[in-house]
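So you can see what is in the structure, the chains are spelled out below.
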Amino acid sequence: MFSGQGTQRPGLADLLRADLPAFRAALATCDDLLRPELGRSVLDLLADPADLAETRWAQPALFAVG
């Protein structure tokens, strides 16, 4: 849905996350899998996307919502 570097935006998947339980569940699964590698929560990153300008945070966020 949101593939590609530079497509990250604040609120990028908020409507899908709010309205679709399956999307929320998939994000939670990605968070569980990525958290040990990243040392932080992708869900927290999406909730406060100030770090999305950095590739090391943007790419996992895009993977999680894509």
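Residues numbered from 1 in each chain as written. Predicted model: local features only at pLDDT ≥ 70, side-chain atom pairs only at ≥ 80, totals over all residues. Heavy atoms only, no water.

## Quick word on the overall build of the chain
Counting secondary structure elements, the chain contains four helices and zero strands. Listed N to C, the secondary structure of the chain is α-α-α-α in terms of helices and strands. Among the 66 residues that make up the chain, the fraction classed as buried is 32%. At a minimum sequence separation of 6, the contacts of the chain that also span at least 24 residues come to 45%. Accessible surface, the chain as shown: approximately 4,000 Å² in total, 58% of it carbon and sulfur. (Helix = DSSP H or I, 4+ residues; strand = E, 2+ residues; numbered from the N terminus. Buried < 20%, exposed > 50% of the residue type's maximum accessible area, 1.4 Å probe, protein only. Contact = heavy atoms within 4.5 Å. Areas by Shrake-Rupley, 256 points an atom, 1.4 Å probe, with all protein chains shown as cover.)

## Observations regarding the nonpolar core
Among the nonpolar cores identified, the biggest contains 13 residues, and Leu27, Leu46 and Val65 are the most heavily contacted of them. Put simply, the parts of the chain that give this core at least two residues each are α2 (21–38), α3 (42–47) and α4 (55–65). (Core = buried A, V, L, I, M, F, W, Y, C linked by side-chain atoms within 4.5 Å.)

## A short note on α2
Compared with the 26 Å implied by 1.5 Å per residue over 18 residues, the 24 Å span of α2 between its first and last C-alpha is a close match. Buried within α2 we find Phe23, Leu27, Cys30, Asp31 and Leu34. Where α2 is buried, its residues touch α1 (14–19), α3 and α4. Backbone geometry just downstream of α2 places Gly39 in the positive-phi region, at approximately 75 degrees. (Expected span 1.5 Å × (residues − 1).)

## Quick word on the packing of aromatic side chains
Under the defined criterion, the tally for this structure stands at zero aromatic pairs. Cation over ring: Arg40 sits above Trp57, and NZ or CZ is 4.5 Å from the ring centre. (Phe/Tyr/Trp six-rings, centres within 6.5 Å; stacked < 30°, edge-to-face > 60°. Lys NZ or Arg CZ within 6 Å of the ring centre and 35° of its normal.)

## Structural notes on the pattern of salt bridges
Two side chains with opposite charge may pair up if their charged atoms get near one another. Applying the stated rule across the entire model yields three salt bridges. As a salt-bridge pair, Asp31 and Arg35 come within 2.7 Å of each other at their nearest N and O atoms. Of this pair, Asp31 and Arg35 are both found in helix α2, four residues apart, which corresponds to roughly one turn of the helix. Its relative accessible area of 3% is what places Asp31 among the buried residues. (Salt bridge = Lys/Arg side-chain N within 4 Å of Asp/Glu carboxyl O.)

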